[in-house]
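Chain by chain, the residues run as shown.
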Amino acid sequence: MLRFRSRFAFAALVALSVPAYAQRTVPTPASVIGFEPGADRKLPEWQQVVAYFRALDAASPRVQMRELGKTTLGRPFIAVFIGDEATLANLPKLKDAQRKLADPRLTTAQERAALERDGKVVVLVTSSIHSTEVGGILTPLNLAYRLASSDAEDARDIRKNTLTILVPSLNPDGVDIVGNWYRSSLGTAWEGSNPPTLYHYYTGHDNNRDWYAFTQVETQMVIDSLYNQWHPQIVNDIHQQGSNGTRIFIPPYMDPIEPNIDPILAAGVAQMGKSMTWRLTTQGLVGVANNTSYDAWTPARAYQHYHGAIRILTETASASLASPITVAFDSLRPGYNVDPKVSGVDFLTTWKGGAWGIGDIVRYQTAASWALLAQAADDRALWLASYSEVQRRSTQGRGARGREDWPSTIVIPAQPARDTAVNAALRILQRGQVEIRRTATSFTAEGHTYPAGSYLINTAQPYGGFAKTLLERQNYPNLREYPGGPPKRPYDVVAHTLPLLYGFDVAFLKTPVPVEATLLTSVPQTPWIATGLSNSRNRRIAIFANASPSMDEGWTRWVFDQYKIPFTVISAKDIRGGNLNQRFDAVILPEQAPRAIERGPAGAYPDSLKGGLGEAGAASLAAFADAGGTIVAFNDASEYAIDALKLPVKNVLAGERPSDFYAPGSLLKVEFDRSNALAAGLTSPEQAIWFESSPAFDITDASAATAIARYPASGNPLLSGWLLGAPKLAGKAAMVDVKRGKGHVVLFGFRPQYRAQTMATYPLLWNALRGTAVLP
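(A) Highlighting the overall build of the protein chain. On a plain count of helices and strands, the protein chain comes out with 23 helices and 32 strands. On C-alpha atoms alone, the protein chain measures out to a radius of gyration of 27 Å, which is about the 28 Å that the 2.2 N^0.38 rule sets for 776 residues. Once the C-alpha set of the protein chain is aligned to its principal axes, its extents read approximately 85 × 70 × 55 Å. Burial analysis of the protein chain (776 residues in total) assigns 61% to the buried set. Across the protein chain, the fraction of contacts at a sequence separation of at least 24, relative to all contacts at a separation of at least 6, is 80%. With the model as given, the accessible surface of the protein chain reaches about 28,200 Å², and the carbon-plus-sulfur share is 50%. Separation of charge centres in the protein chain, based on 76 positive and 69 negative side chains, amounts to 1 Å.

Rendered as structure tokens:
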């Protein structure tokens, strides 16, 4: 069995297969970035990565680099096209073939057969979206060099049968945010620690949860310029996981699979993942896991699964950024279905522990991606036929096998009071390539009359399943770790219902609608305005940013920037310094664990970053409220505020075991006190809040606090997602306004601006910030 025992043995093997002329003419990564990818304690700057791909483009007719636009912070965002010379010389023809395969309505059966026979498998390889997963910025350099330079049979086959589109980083800003921090930390006690800021300016780790809301410019560039133009059949998404588990995860995913994903795609994921596992095992790589930890439920991470492609997520064990670590065998921890200390059907070979570094990460990632490319090339015709059949079935809609219970038509009725919410949803659907038509007249269907100007979505279209997924309510299965045991935790959240998130009506009809309707052209964005706050400095607003960064803080800034609401970011040191009333009228505490808010970053960090709010910060916030300031706390930060400010409110869910109460990112029904100014301006037809590890409140002094929102006194409040222990919420408060001195503390037992998606609850936040909280 072939084994690669050193970090560079694999690279050396590759070099043996490269003819001398290619080694002379195609630049190696080291010749541009100054070190071998995988060298300990070495990370490139983004400009070096771009420089390498420019050099590769200039040197090889097999490579084309394209700049798709600029990132959030203004860096070039690039994609690299790699194939044989004939493929790259005929990219427009291939692009047109892909367009026709993606939409069966454009071709006859005979024409489609020719496209399947003659086409190339388009493989999109994305990497480095999470910038602390630093192998992801190095592996694409090795892949590109090998694809461009090697004349080995497998490399020739890949170039001949596929077009590889390589995105070296989905977050170039983060490459430098993390890289600059890492280089400055070398030789210190905090070497290998995470940076004290979000590694995406707005979203941090949540940038990989943006694949249906499309809020960030990086997401939009990939969707608009790559997915929707090139229609890849296969996507390889390169990630890293924790250090103390398996060495690499490769699908199949664990249950559940989101029900709108075509079973052909689910089977394709399983086939590709097992083929990759087989190839890696043959090469002597150990610790390869399948069917654990990661699922295929939310479209927030898997745009591909609703657009004809398989998504192959790989998760390789991490080191301390680019610094090596030692992992003892006894420290390895199990995940669902897999124990890394015990071999089994989903984990065939164990890793015995020991040294683990960036070279190992790059070696595993490179081997996995190469195995994927080789399999795609070997089964080119089958991958194209599979993709073609998925797209053909999509145009059958309700008539396709397994889709007998689908709606034929989805209606978004005209609802002028909710124009902004409907506009946002239409733009999401159109970016996802959903065809929408608008009626010129009113019509009646299945006993209900809809007004003129309503929007119709026929599910029998290439991306009708994407629309259905986002517009319907989710019913997550009640999975347990074992019968009668605690819930089996999903990898991410379990609800993604746009009508509840944004706040508008929708209807699902079993039959087609016989009414004249015009295809909707691209919908311009309706201006987002928060009256009294947008483009106004009448209210001086501060957003707390911890040195232990919170993604919720970044999302809050993004929402404020879109609404053009001025704000100031303040640190723990700023709050501890006091005198907040001199500068601000309102202070926002974004969602974060109370311990992190109180204590700041855990572990070794520079003295200048240590410490959270502490006693001095709590006293400062109390003085701020007492003097007339407004404090707004989101989700877990509400628990911090209750404790630190001694508020007459109790979290009734504190200490509950998951087996007794559990709600992993779901949408729940609440009832608002419409007589209170804080609840003004809500237009959603059904009031829902985003509940994710959230508190629920009892008020212990009704003279000092008022419930603005409560869960229903009876029944199950679940609207979409998964909820265990519903009776524990009965009649409890979800939002509370507490009078403190001359000011107010507004406690949100949820995130009113969750991932910039819960537009339905934005008015609650605007009301709190306007200073409209008035107790009798």
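(B) A look at unusual backbone geometry. With an omega dihedral of 20°, the bond running from Pro251 to Pro252 counts as a cis peptide bond. Looking at the element boundaries, Pro252 is found in the loop between strand 6 (248–249) and strand 7 (254–257). Residues Asp255 and Pro256 are joined by a peptide bond in cis, for which omega reads 5°. In this fold, Pro256 is placed in strand 7. Of note, Asn579 is a non-glycine position whose phi angle comes to about 55°, a positive value. Under the relative-accessibility criterion, Asn579 is labelled exposed at 53%. Residue Arg755 is not a glycine yet carries a positive backbone phi of 45°. Mapped onto the fold, Arg755 is located in the loop between strand 32 (743–748) and helix 23 (762–770).

(C) Structural context of the pattern of salt bridges. Tallying each qualifying case throughout the model produces 36 salt bridges. Where Asp262 meets Arg403, a salt bridge forms, and the shortest distance between an N and an O atom there is 3.2 Å. Of this pair, Asp262 sits in the loop between strand 7 and helix 12 (263–282) while Arg403 sits in the loop between helix 14 (380–394) and strand 13 (409–412); the two residues are 141 residues apart in sequence, bridging distant segments of the chain. Each of the two residues, Asp262 as well as Arg403, counts as buried. For the salt bridge of Arg363 with Asp360, the shortest nitrogen-to-oxygen distance reads 2.8 Å. Of the two residues, Arg363 and Asp360 both sit in helix 13 (residues 358–378), three residues apart, roughly one turn of that helix. Across the pair, exposure class does not vary: Arg363 and Asp360 are buried alike. A cluster of three or more residues bridged by salt bridges with shared partners is formed by Asp206, Arg209, Asp492 and Arg755.

(D) Broad picture of the sheet that holds strand 17 (residues 455–458). Overall, antiparallel pairing links the five strands, which are arranged 18-13-17-14-19 in an open sheet. With partners counted over all chains shown, the strands left at the sheet margins are strand 18 (507–509) and strand 19 (517–519), one partner each. For this sheet the average axis-to-axis angle between neighbouring strands, irrespective of direction, equals 30°. Sheet topology places strand 14 (residues 437–439) next to strand 17; two bridges connect them, and they run antiparallel. Counted as the bridge partner of Arg438 is Tyr455 from strand 17. Running at roughly 50° to strand 13, helix 16 (residues 464–471) makes contact with strand 13, strand 17 and strand 18 of the sheet.

(E) Spatial organisation of the packing of helix 6 (residues 91–102) against helix 14. Two numbers describe how helix 6 lies on helix 14: the axes approach to 8 Å, and their chain directions differ by 45°. As the angle between them shows, helix 6 and helix 14 are arranged oblique. Every residue of helix 14 that contacts helix 6 at Gln98, Leu101 and Ala102 is listed here: Leu384, Tyr387, Ser388 and Gln391. Of the residues that constitute the contact of helix 6 with helix 14, the class distribution is four nonpolar, three polar and no charged.

(F) Quick peek at the nonpolar core. If you look at the biggest cluster of nonpolar residues, it comprises 192 residues, and the most contacted ones within it are Phe53, Leu498, Tyr502, Trp766 and Leu769. With residues near it in sequence (within four places) discarded, Leu498 still touches Tyr212, Ala425, Ile428, Leu470, Leu471, Gly503 and Phe504. Within the second largest apolar cluster, 34 residues are counted, among which are Ile575, Ile597, Tyr640 and Leu647.

(G) Highlighting the environment of Glu591. For Glu591, the position within the fold is in the loop between strand 22 (586–589) and helix 20 (594–599). Along the sequence, Glu591 and Gln375 sit 216 residues apart, while their C-alpha atoms lie 44 Å from each other. Among all residues touching Glu591, those that are not within four sequence positions of it are Ser550, Asp552, Phe634, Asn635, Asp636, Ala637 and Arg751. A polar atom in the side chain of Glu591 sits 2.9 Å from the side chain of Asn635. Polar contacts involving the side chain of Glu591 include one to the main-chain amide nitrogen of Asp636, which spans 3.0 Å.

The rules behind each value
Residues numbered from 1 in each chain as written. Predicted model: local features only at pLDDT ≥ 70, side-chain atom pairs only at ≥ 80, totals over all residues. Heavy atoms only, no water. Helix = DSSP H or I, 4+ residues; strand = E, 2+ residues; numbered from the N terminus. Rg over C-alpha atoms; globule rule 2.2 N^0.38 Å. Buried < 20%, exposed > 50% of the residue type's maximum accessible area, 1.4 Å probe, protein only. Contact = heavy atoms within 4.5 Å. Areas by Shrake-Rupley, 256 points an atom, 1.4 Å probe, with all protein chains shown as cover. Lys, Arg positive; Asp, Glu negative; His and termini not counted. Charge placed at Lys NZ, Arg CZ, Asp CG, Glu CD. Salt bridge = Lys/Arg side-chain N within 4 Å of Asp/Glu carboxyl O. Pairing = 2+ DSSP bridges. Axes fitted to C-alpha atoms, helices over the stretch in contact; angles between N-to-C directions. Parallel < 35°, antiparallel > 145°, perpendicular 65-115°, else oblique. Nonpolar A, V, L, I, M, F, W, Y, C, P; charged D, E, K, R; others polar. Core = buried A, V, L, I, M, F, W, Y, C linked by side-chain atoms within 4.5 Å. Polar contact = N/O pair within 3.5 Å; in protein donor to acceptor, adjacent residues only side chain to side chain.

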